[in-house]
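Architecture at a glance
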Amino acid sequence: MPTTYCLLMKKIARSFYVCFLMACCIVSHAQEKRPNILIILSDDHAQQTISAYGSKLAQTPNIDRIAKEGALFSNSFVTNSICAPSRAVLLTGKYSHINGLKDNSAQRRFDGSQQQIQKLLATANYQSAWIGKWHLQSLPQGFDYWKILPDQGNYYQPDFINMNKDTVRYKGYVTNLISEYSIEWLNKRDASSPFFLVIGEKATHRNWMPAIQDLGAYDDRTFPLPANFFDAYADRKAAAEQDMTISKTMVTNSDLKIRANYSDKGLFERLSPEEKKAYQAYYDKLAKEYDVVKSDSIALAKWKYQRYLKDYLSTAKSLDRNIGRILKYLDSTGLANNTVVIYTSDQGFYMGEHGWFDKRFMYEESLRTPFVIRYPGVIKPGTVADQMIVNLDIAPSLLDFAKVPVPADLQGSSMVPLFGKAPLIKPWRKSLYYHYYEYPEPHRVAPHFGIRTEQYKLIRFYGPHENWELFDIVKDPHEMHNLYKNPQYKSQTQKLTKELQQLAEKYKDTEALQILAHETNQ
Ligand SMILES: [Ca+2]
């Protein structure tokens, strides 16, 4: 009996040991397989200015490198083309009407107590940080570390809010500082668990103040004017009413820095005496050019367009250089092989199309946003994916990469199946849903919602301009011809309206559904 008892105990002990070893093996395998995740999220950086997207305006070698070593999404979009709401979509994987942050107003604070990507990743032992532009009014919640710019932040000598809630002013250029603090955190993190880091860039937000070394970087260029620069907005009431044109809205002494006031408080107060000297020396020369064209409205608009592009692209130059710095850090530390790197922007931007700067409209230039992603060994280098992705898809994709279950209330889809390792279980979306809210200030863009398919776009403006717009974006890629009242498109319009209704139902957008219901009852 004792012998049998001993043998039995030995057997049980051995089984436990084997189970223990298996469990260890599973845990270590899972940890080994869990990649680090790094998102570089810029602000207002248009696809039209990125060479990986075919731009001839500028070279962006470091963004291009991510695309070349990974994948470029040629059809990447946002759900609400404006700064703070886009960040809230990234964090929650939910539309603005669900996560609660519909616009940039200071009164509308993001509710950080809700479910967010960093909190979900923490369940798989991820350490998380957000460094740089945040813009959500309420302070970050659920991150192990953060260091953020207050509101929009400053380009020179910016303030950062630290985790002890102190606001401290730092010496330097914002894009360089954000890289420095990101690398500092990467160096000091606990290397035994994977990381999730968002580098929130201020560039290329208005008023486009380049680093001193990049002043005049594009002075030898004359950029081609977009074909629809002098758009008269026929049959597009909301487009006619906006206040975001280069010719009228762009401010000469702040946006274009011509005869800027360097002594008062304001946009230029943070420049050091040496930096002020460099700015004045550069922009004073341009004041003479301005004086030559200022009384001719057409010549002035064209001149402002050139100046806008030069300052914007010069600001983007530092952004791309700093992306290179982060990529080099990943190479030199050996982290590159097990890190998902994403470069994207909070939305697209107008580079003179329709005569505009800024964003907001559901038209292509601001609906689109760059999205390139690298994950060695998983994403085949040089992949170009043409499926329609939206920023809603980022959260579920990251969870998928991290092998964390995706909660059912997330409204996007994981892009991971698109990388070709596994067959698509369900067909990818053929249409996307959009809803923009902020009105009237600052740019008087009427609120609207709509649907975009591979060929058509149907938009319903409401509030000040009850209006429908329909575009054939294959035949009319610049969206100049509103076909809504064209009888030839009647059945197509009916089909799209029905699909728009279905998407509003799917995404639980009650405000849009009420507008559509009211219309049907009339
Ligand atoms: Ca933005």
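Going by the structure above, here's the rest.
The sections below set out a description of the structure shown in this document. (Residues numbered from 1 in each chain as written. Predicted model: local features only at pLDDT ≥ 70, side-chain atom pairs only at ≥ 80, totals over all residues. Heavy atoms only, no water.)

**Observations concerning the coordination of the calcium ion**
What counts here: Here the term donor refers to an N, O or S atom within 2.8 Å of the metal (or 3.2 Å for Na, K and Ca), and because water is left out of the atoms, sites may appear incomplete. Tetrahedral means four donors with every angle between 85 and 135 degrees, whereas square planar (four donors) and octahedral (six donors) require angles over 155 degrees between opposite donors and between 65 and 115 for all others; sites fitting neither are termed irregular. Here's how the labels work: a residue is buried when its accessible area is under 20% of the maximum for its type, exposed when over 50%, partly exposed in between, all with a 1.4 Å probe on protein chains only.
Only Asp 43 (OD), Asp 44 (OD), Cys 83 (SG), Asp 346 (OD), Asp 346 (OD) and Gln 347 (OE1) from the protein coordinate the calcium ion, and they sit 2.2 to 2.7 Å from it. Coordination at the calcium ion comes from six donor atoms whose angles at the metal span 51 to 162 degrees, giving a geometry best classed as irregular. Note on Gln 347: relative accessible area 0%, which makes it buried.

**Topic: the packing of helix H12 (residues 490–506) against helix H13 (residues 510–521)**
Filter applied, for reference: All axes here are fitted lines through C-alpha atoms, helices being fitted over the stretch that makes contact, and every angle between N-to-C directions spans 0 to 180 degrees. In DSSP terms, a helix is any run of H or I states spanning at least four residues, a strand is any run of E spanning at least two, and both are numbered starting from the N terminus. Helix crossings are classified by the rotation of the near helix relative to the far one: an anticlockwise turn of less than a right angle makes the crossing left-handed, while a clockwise turn makes it right-handed. Contact criterion: two residues are considered in contact whenever any of their non-hydrogen atoms come within 4.5 Å of each other. Side-chain classes follow a simple rule in which Ala, Val, Leu, Ile, Met, Phe, Trp, Tyr, Cys and Pro form the nonpolar group, Asp, Glu, Lys and Arg form the charged group, and the remainder, Gly included, forms the polar group.
Between H12 and H13, the least distance of the axes is 8 Å, while the angle of their chain directions is 145 degrees. Crossing of H12 against H13: the hand is left-handed. Mapping the contact onto sequence places Leu 500, Gln 501, Ala 504 and Glu 505 in H12 and Ala 512, Leu 513 and Leu 516 in H13. Among the residues forming the contact of H12 with H13, the class breakdown is five nonpolar, one polar and one charged.

**Focus: the sheet that holds strand S13 (residues 431–436)**
Defined as follows: Strands pair, by our definition, only if DSSP identifies at least two bridges between them.
Overall, antiparallel pairing links the four strands, which are arranged S13-S14-S15-S16 in an open sheet. Looking at the sheet topology across the chains shown, the edges are occupied by S13 and strand S16 (467–472). Across the sheet, the mean angle separating the axes of adjacent strands is 10 degrees when strand polarity is ignored. Note: strand S14 (residues 448–453) against strand S15 (residues 456–461), five bridges, orientation antiparallel.

**Examining the environment of Gln 116**
Within the secondary structure, Gln 116 is located in the loop between helix H4 (96–99) and helix H5 (117–122). Remark: the alpha-carbon pair of Gln 116 and Ala 84, spanning 32 residues in sequence, is separated by 15 Å. In contact with Gln 116, other than residues within four places in its own chain, are Leu 91, Thr 92, Phe 110 and Gln 141.

**Thoughts on the pattern of salt bridges**
Spelled out, the test is: Counted as salt bridges are all cases of a side-chain nitrogen of Lys or Arg within 4 Å of a carboxyl oxygen of Asp or Glu.
Going through the model one piece at a time under the given rule, you end up with 34 salt bridges. Close ionic contact of Asp 231 with Arg 236 constitutes a salt bridge, the shortest N to O distance being 2.8 Å. The same class applies to Asp 231 as to Arg 236, namely buried. Two residues, Arg 460 and Glu 466, come together in a salt bridge whose shortest N-O distance is 2.9 Å. Looking at Arg 460, the relative accessible area reads 3%, which means it is buried. What makes Glu 466 partly exposed here is its relative accessible area of 48%. One network of salt bridges, in which partners are shared, links Asp 44, Asp 358, Lys 359, Arg 360 and Glu 438.

**Quick look at the environment of Trp 130**
Condition: Polar contacts here mean pairs of N or O atoms no more than 3.5 Å apart (in protein, one a potential hydrogen donor and the other a potential acceptor; neighbouring residues in sequence count only if both atoms are side-chain atoms).
In this structure, Trp 130 sits in strand S4 (residues 127–133). Considered as a pair, Trp 130 and Val 372 are 242 residues apart in the sequence and their alpha carbons are 19 Å apart. Beyond its immediate chain neighbours, meaning those up to four positions away, Trp 130 contacts Leu 41, Arg 87, Leu 90, Leu 91, Phe 143, Tyr 145, Trp 146, Lys 147, Ile 148, Val 198 and Gly 200. A polar contact is formed between the side chain of Trp 130 and the backbone oxygen of Lys 133, at a distance of 2.8 Å.

**So, unusual backbone geometry**
Geometrically, the link from Arg 206 to Asn 207 is a cis peptide bond, its omega value of 15 degrees lying close to zero. With respect to the helices, strands and loops of the structure, Asn 207 is situated in the loop between strand S8 (195–200) and helix H7 (237–241). Following Tyr 439, the chain continues into Pro 440 via a peptide bond in cis, with omega recorded as 0 degrees. In this structure, His 135 takes a positive phi of about 70 degrees despite not being glycine. Considering the arrangement of structural elements, one finds His 135 in the loop between S4 and strand S5 (145–149).

Purely spatial values, then, with no claim about function.
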